[in-house]
Amino acid sequence: MYLELLSNLPGVSGDEGAVRRAIVDLLTGEDAPDPPLTIRTDTLGNLLVHKQGRHRGPRIMLAAHMDEVGLMVTTIKESGQLQFKPVGGIDPRVLVSKVVKVGEQLIPGVIGSKAIHLQKREERKKPYTLEQLYLDIGAGGKEEALELVKPGDYASFDTALVPLGDGYVRGKAFDDRAGCAVLVELLLMESELSFDAAFTVQEEVGSRGAAVAAYSLQPELALVIEGTMASDTPGTAPDFTITRLGHGPALSFMDRSFIADRRLWQQLITVAEERGLPYQHRRFAGGGTDAGAVALSREGVKTAVVAVPCRYIHTPHSVMKISDLKDTVSLIKAWFESGVRI
Amino acid sequence: MDKEQVKDMLEILTGAVGVSGDEREPAEITAGYLEPYVTRLHRDSFGNVIGFKEGTGGPGAPSLLVAAHIDEIGAMVSRLEKGFVRFSAVGGLDPRTLLGQAVEIHGRRRCRGVIGATPPHLLTEKERKKELRIEDLFIDLGMDPEGVEAQIRVGDYISLVRPLLTMAGGNIASGKALDNRAGVVAMIVCAAELVDIRHFCRIYFVGTAQEEVGVRGAIVASYGLSPDLAVAIDVTHGLSPGVAEEDGFGLGEGPVVGVGPNFHPRLVERVRTVAREYCLPYQVEPVPGPASTDSRAIQVSREGIPGILLSIPLRYMHSTVETLNLDDVLLTGRLLAGFARSIDTDLVEGLTCI
Amino acid sequence: MENLLKLLTEAFGPSGEESEVAALIEQKIRGAVDHLYTDKLGNLVAVRQGPSPRIVISAHMDEIGVIITHIDDQGFARLAPVGGVLPHQLVGQRVRLKQGRVGVVYHEKIKNLKELDWPRLYLDLGAEKQVEEIRIGDLAVLEQPFVNAGGRFLAKAMDNRAGCAVLIEALRRLPREIPQELCFVFSVQEEVGLRGARTAAYHLKPDFGLAVDVTRVGDTPKAPLMAVALGKGAAIKVKDSSVITHPIVRQLMIDTAEQHNIPYQLEILERGGTDAGVIHLSREGVPTGALSIPCRYVHTPSEMVDPADLKAAVELLKKLCTSNWPV
């Protein structure tokens, strides 16, 4: 399963090299399609792949982002511990007592905090703030730490994907390695239509990769493939679940960054309904995706988002259902087969 | 160039008025300083000033954009009120630093004024404890309402007044608009250094407009010039009491190289190598999110323009007592010149294969 | 003008679904332009051909609204805002779907008004269960008729159908010969981030830009400090959060107004933006100004404008279209 390989790799925004190399390996390895894919990168690190299909069709861009949220080391204390800042949106409450890998050498480290015994009653009542947390790589002092890491090094969650329950998996960075996995599958299988795939960088820090990728590819239609929030969990009223695991890909009508092209959105719904493929609405108008940057590229691009539902995104452990990933591939394939006429 | 020349240029440049949106004065002065070192000079319709210098590689060689913003924070008249002037911030003014500040309003003629507020004696205990907001402040021009109305109208620019001050035997300078006239001077130092240094790449020296209101000049300049790579020069926070160690940098310890998603890792590596080669000190600033400088805009222009950020440490940013070490300005210019010299076709072609 | 404004403000056109408004405008201006087309994002572009320079004049046709995010078994819908709608303005307010169905927004039981936020609001469309014609993703606009209130006009979506009306009126009164090319853009998705004007400006590559939109005023009880007042003329923008208007365009506007004795006021808007914000940053930069129509109670169901200001805005825009812009 491509997802396992991809999700286990570190790839915090601005440091997507490992993921990019792994995708190139998958696309040119033993499963490589015939005719081979045309692959290039740009100066930001986007991976741009052209897939030749049976028919030309309009210029279509499929995009998934390679980067994940993580941390960046800012200073090294005299005591050898590392101070850090978040890269992308991280809830500080998820960080305490987690394990990360730091820097190019993937040095293991833990996120420490003051022991509960030493905290005053008032302190215990408040959630940890980022300033209170630090990274401990077991270095005895600043010099020892500097031999292993340096300010500006990235740190990513140290999480390996494992199967969970019945058809579920647990792992990190499903936002958006799930999308990357979908895109890899689509590139490796026969395609009805030709398309450009953009594995983008820096989505989590403002969709910066997608902006330049879309400028460069000049698509007429774009589909952004995301891992999105699911809150089908206790404590959330049914009205506010956003998406639910096991109900198929989620279609966005809008988010903070874009309003789906109404016809493209409707077309995806129609394709799903006609083919009897599962789909659901992403019942939330917040959050941002690469769609915002793509839709406003140059003279404008008709854009929609198809997302794989994931619980607990932007934490070290997300949960998703494998069937949703497969259903997402099927929906996009069916959309191609429908001819995507807008 | 030496420290004395750096100080003189800073004195003249910070004495100029260039609130975002009307950068004519600093643009003219910058153009004057660049003129001996470049082959072409022009101002675009947005207000950016652009100097171009050919390299030994000729027209086919890679092009480098050097961007330093020439605008400064200030204010604009928003309303006249019984002879007093209410104003609106242009850029990130801290209203708490403004009470008692000398200003000039650029109306039909230049008018001197001072920023006032209701005196503390007339406030309640509770009101005194609240921070000052822009709405609480006004400008007193010492004129009667008719005089004010004859000279001033809504939309007139307001600049802060503070002559440059040197301290510590001439090493430290303090004043207004050192953010980012210091960066502009570093760019000029670089241009001067390159007279005696052969460089392969073609260089655009750009004084960008409207950085303080959303890096706007850099957006249009980088699109228009479409260079192969870019360096932004700006200021960053200096260490002072109350500034966390991770947020501040030592004055006199050299330029600060940004690392993070906005900067190309190969170019960062290159500038560090150049610094070691020339024995120039430098510091490193991790920038995990979008940089608050022109770098942010340039990187995502067109199909992407790889670049780096060099910053000069500066204390009390966005006040009229911004304070820096002149050596840092000089060193930044020299490091930039060394970086420019090191650019060749191989470096640029290698930037996509990361 | 009054009839046109009534027609435009009562039309359905939330951000993302502006086609009904576009069709109305198209009808009104079809004979008066050389080219008329809708672009990829839905902007309606009307071109009056002429020699260079090319000027883009933009007024957004979208309005604020709400979108249905969930429908429960009893037929109650949950909502999210489209553009800057405040939840407290919706309580008891009727809203209308594209297909015409009208409902009322109300809130769950709350202890105090501070709790009034989007998750506590719902829309009652009179359905007793989930029905076919109400779907997740449907957009709705505020339902409020146009009223002439003592000579001033009250309506929803005055922001920015007032601007659209000004463009239409100016366009229809243009002489046969004009000294430059004019591209009138009725833009989409302004209320969610100046989106339509951005792609339109990229496409049209103008030499100059001008946005026509409503602006806030400072002439109501304890209003924020602002020099603009209702009825004192068209406002020439100097600055808002999105743009500092280009000195050349601003001066041309001031000179034109003074030369033709058109009442005007200078505007600084503390918070807010217009299409000018994206037009002026398009490509290599486009010198851009903005003409504003003073409007009270912006982003509420009852936005108020003064016909004298509209008249001044039409007059100023018409004169600007026939003035010589510096090449």
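Scoring rules and cut-offs
Residue positions are given per chain, counting from 1 as you read along its sequence in written order. Note on labels: chains are lettered from A, ligands numbered from 1, in written order. Under the rules for a predicted model, residues below a pLDDT of 70 receive no local features and side-chain atom pairs below 80 are neither given nor counted, while totals for whole chains, interfaces and linings still include all residues. Side-chain metrics rest on all non-hydrogen atoms present in the structure, leaving aside hydrogens and water. Contacts are assigned to residue pairs that have any heavy atoms within 4.5 Å of one another. Note on terms: buried area is the combined drop in 1.4 Å-probe accessible area of two parts once they are placed together, counting the loss on both. Basic side-chain nitrogens of Lys or Arg form a salt bridge, by our definition, when they fall within 4 Å of a carboxyl oxygen of Asp or Glu. Going along the chain from the N terminus, every DSSP run of H or I of four or more residues is numbered as a helix, and every run of E of two or more is numbered as a strand. Under the scheme applied, nonpolar residues are Ala, Val, Leu, Ile, Met, Phe, Trp, Tyr, Cys and Pro; charged residues are Asp, Glu, Lys and Arg; polar residues are all the others, including Gly. Those domain boundaries reflect an automatic or database domain assignment. Here the nonpolar core consists of buried residues drawn from Ala, Val, Leu, Ile, Met, Phe, Trp, Tyr and Cys, with membership extended through side-chain atoms lying within 4.5 Å. Note on classification: 1.4 Å probe, protein chains only; a residue is buried when its accessible area is under 20% of the maximum for its type, exposed when over 50%, partly exposed between these limits. Throughout this description, a polar contact denotes any pair of N or O atoms lying within 3.5 Å of each other; where both atoms belong to protein, one of them has to be capable of donating a hydrogen while the other can accept it, and for residues adjacent in sequence the pair is counted only when both atoms sit in side chains. Note on method: axes are straight lines fitted to C-alpha atoms, helices fitted across the in-contact stretch only, with angles between N-to-C directions ranging 0 to 180 degrees. Roughly parallel refers to an angle under 35 degrees, roughly antiparallel to one over 145, roughly perpendicular to one between 65 and 115, and oblique to any angle outside these ranges. Take the far helix as the reference: if the near one is turned anticlockwise from it by less than a right angle, the crossing is left-handed, and if turned clockwise, right-handed.

### As for the interface of chain B and chain A
Every contact between the two is made by 30 residues of chain B and, on the other side, 30 residues of chain A. At the boundary of chain B with chain A, total buried surface from both sides reaches about 2300 Å², with 55% on carbon and sulfur atoms. The tally of links from chain B across to chain A stands at one salt bridge. Put simply, the parts of the chain that give the side of chain B that touches chain A at least two residues each are strand 15 (283–286) and helix 8 (295–299) of chain B. No other element matches the three residues that helix 8 of chain B contributes to the side of chain B that touches chain A. Tallied by class, residues from the side of chain B that touches chain A come to 14 nonpolar, nine polar and seven charged.

### Focus on the domain arrangement of chain C
Residues and elements named next belong to chain C. The assigned domain composition of chain C is domain 1 (2–63 + 156–322) and domain 2 (65–142). A straight line from the C-alpha centre of domain 1 to that of domain 2 covers 30 Å. Of the residues lining the interface, 15 residues belong to domain 1; the matching set on domain 2 comes to 13 residues. Both sides together, the interface formed by domain 1 and domain 2 hides about 1200 Å², and carbon and sulfur atoms give 63% of it. Three residues stand out in domain 1 for area buried against domain 2, namely Phe12, His299 and Pro301, and they jointly supply 42% of the buried area on that side. Our enumeration of links across domain 1 and domain 2 arrives at one salt bridge.

### Brief notes about the domain arrangement of chain A
All names here are of chain A. Considered domain by domain, chain A is made up of domain 1 (2–68 + 172–337) and domain 2 (70–157). Placing a centre on the C-alpha atoms of domain 1 and another on those of domain 2 gives a separation of 31 Å. With 13 residues of domain 1 in contact, the opposing surface of domain 2 contributes 13 residues. Contact between domain 1 and domain 2 buries roughly 1000 Å² in total, counting both sides, with carbon and sulfur atoms accounting for 70%. Counting the contacts that link domain 1 with domain 2 gives zero salt bridges.

### What to know about the nonpolar core
With 108 residues, the main nonpolar core has A:Ile23, A:Leu62, A:Phe199 and A:Trp335 as its most contacted residues. The biggest single contributor to this core is helix 5 (residues 174–188) of chain A, with 10 residues. The residues contacting A:Ile23, other than those within four sequence positions of it, are A:Leu6, A:Leu47, A:Met66, A:Cys180, A:Val184 and A:Phe199. One finds C:Ile29, C:Cys164, C:Ile168 and C:Leu174 within the second-largest nonpolar core, a separate group that totals 73 residues.

### Focus on the side chain of C:Arg96
Residue and element names in this part refer to chain C. In this structure, Arg96 sits in strand 6 (residues 94–97). Judged by relative accessible area, which is 15%, Arg96 ranks as buried. Polar side-chain contacts of Arg96 include one of 2.7 Å to the side chain of Glu143. When sequence neighbours within four positions are dropped, the list of residues in contact with Arg96 reads Glu10, Ala11, Phe12, Arg101, Val102, Leu139, Ala140, Val141 and Glu143.

### Some remarks on the packing of helix 5 of chain A against helix 9 (residues 322–337) of chain A
All names here are of chain A. Two elements in contact, helix 5 and helix 9, have axes whose closest approach is 10 Å; the angle formed by their N-to-C orientations is 50°. For the element pair helix 5 / helix 9, the angle class is oblique. Two packed elements cross with a definite hand, and for helix 5 against helix 9 that hand is right-handed. Between helix 5, through Ala178, Val182, Glu185 and Leu186, and helix 9, the contact on the second element is made entirely by Leu325, Thr328, Val329, Ile332 and Lys333. When the residues that make up the contact of helix 5 with helix 9 are grouped by side-chain class, the tally is six nonpolar, one polar and two charged.

### Describing the interface of chain C and chain A
Each partner contributes residues to the interface: chain C has 26 residues there, and chain A has 25 residues. Summed over both sides, the interface between chain C and chain A buries roughly 2300 Å², with carbon and sulfur atoms accounting for 57% of that surface. When the buried area of chain C at its contact with chain A is split by residue, C:Lys40, C:Arg195 and C:Tyr202 rank highest and sum to 28% of it. Connecting chain C to chain A are two salt bridges. Taking the shortest distance from any N to any O, the salt bridge between C:Arg78 and A:Asp239 comes out at 2.9 Å.

### Section: the pattern of salt bridges
One side chain can pair with another of opposite charge once the charged atoms of both are near each other. Tallied over the full model, the rule gives 54 salt bridges over all chains. Residues A:Asp232 and A:Arg311 are paired through a salt bridge, measuring 2.8 Å at the closest nitrogen-oxygen approach. With a gap of 79 residues between them, A:Asp232 in the loop between strand 13 (221–230) and strand 14 (250–252) and A:Arg311 in strand 16 (residues 302–311) connect regions that are remote in the sequence. On the accessibility criterion, A:Arg311 (17% relative accessible area) is buried. Among the ionic contacts, a cluster of salt bridges with common partners joins A:Asp239, C:Arg78, C:Glu108, C:Glu115 and C:Arg120.

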